[in-house]
Amino acid sequence: MVRIVNYQKRTTEEGKVFFTLELQGGIEVVKSQETGKLYMTARKANMSCTFDELTCQSLIGTELPGSVRKVECEAYEYTIKATGEVITLSHRFEYVEQEAPIQTAEKSKTTIEEFMSNAPKGNSFSTNGQLVH
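Residues numbered from 1 in each chain as written. Predicted model: local features only at pLDDT ≥ 70, side-chain atom pairs only at ≥ 80, totals over all residues. Heavy atoms only, no water.

> Sorry if this is basic, but what is going on with the pairing of strand β6 (residues 86-97) here?
Taken residue by residue, a regular strand's side chains alternate between the two faces of the sheet. Two strands pair when backbone bridges link them, and strand β5 (residues 66-79) and β6 are joined in this way by eleven bridges, in the antiparallel orientation. Bridge pairing in β6 links Gly-66 to Glu-97. Between β5 and β6, which follow one another and run antiparallel, lie six residues, and Gly-84 among them has a positive phi close to 80 degrees. (Pairing = 2+ DSSP bridges. Helix = DSSP H or I, 4+ residues; strand = E, 2+ residues; numbered from the N terminus.)

> Hey, could you run me through the nonpolar core in this one?
One recurring pattern in soluble globular proteins: nonpolar side chains tend to sit buried together. In terms of nonpolar packing, the biggest core is built from eleven residues, these being Val-2, Ile-4, Tyr-7, Phe-19, Leu-21, Leu-23, Ala-45, Cys-49, Cys-56, Val-68 and Tyr-95. Among the elements of the structure, β1 (2-11), β2 (17-31) and β3 (38-49) are those that each provide at least two residues to this core. Not counting residues up to four positions away in its chain, the partners in contact with Phe-19 are Tyr-7, Gln-8, Lys-9, Met-47, Ser-48, Cys-49, Phe-51, Asp-52, Glu-53 and Cys-56. (Core = buried A, V, L, I, M, F, W, Y, C linked by side-chain atoms within 4.5 Å. Buried < 20%, exposed > 50% of the residue type's maximum accessible area, 1.4 Å probe, protein only. Contact = heavy atoms within 4.5 Å.)

> Sorry, what's going on with the pattern of salt bridges here?
Opposite charge on two side chains permits pairing when their charged atoms draw close. What the rule picks out here adds up to four salt bridges. In this structure, the salt-bridge partner of Arg-92 is Glu-94, at a minimum N-O distance of 3.0 Å. What makes Arg-92 partly exposed here is its relative accessible area of 39%. The class of Glu-94 is partly exposed, set by a relative accessible area of 29%. (Salt bridge = Lys/Arg side-chain N within 4 Å of Asp/Glu carboxyl O.)

Spelled out as structure tokens, the structure:
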């Protein structure tokens, strides 16, 4: 499950205003590559929407089936806000819908001969030959 935790107002290059919803997946424990210590985090992804600001506000806290997954992409530069350091990344996080489980009917092991041997003989609607309501 993912939860809508925030929204952001954005503007296109043409000056048109739209909103994105910030989705957050469940918590995960990760090991730091620098210190080797464990820490907790949650993956986040932004998704465009057609909602107005009031609707976006009301959707905060809503849960959706699915997850936020790491997806490889073309390399790009990213600035870490806290330090100002510019790094190159080749992945992004995006929302992936939960796939519905495929349900298959179990095939009967009974043969047609076994099935028909248990069927009533003669008139299959009545065992005494009369239609009774």
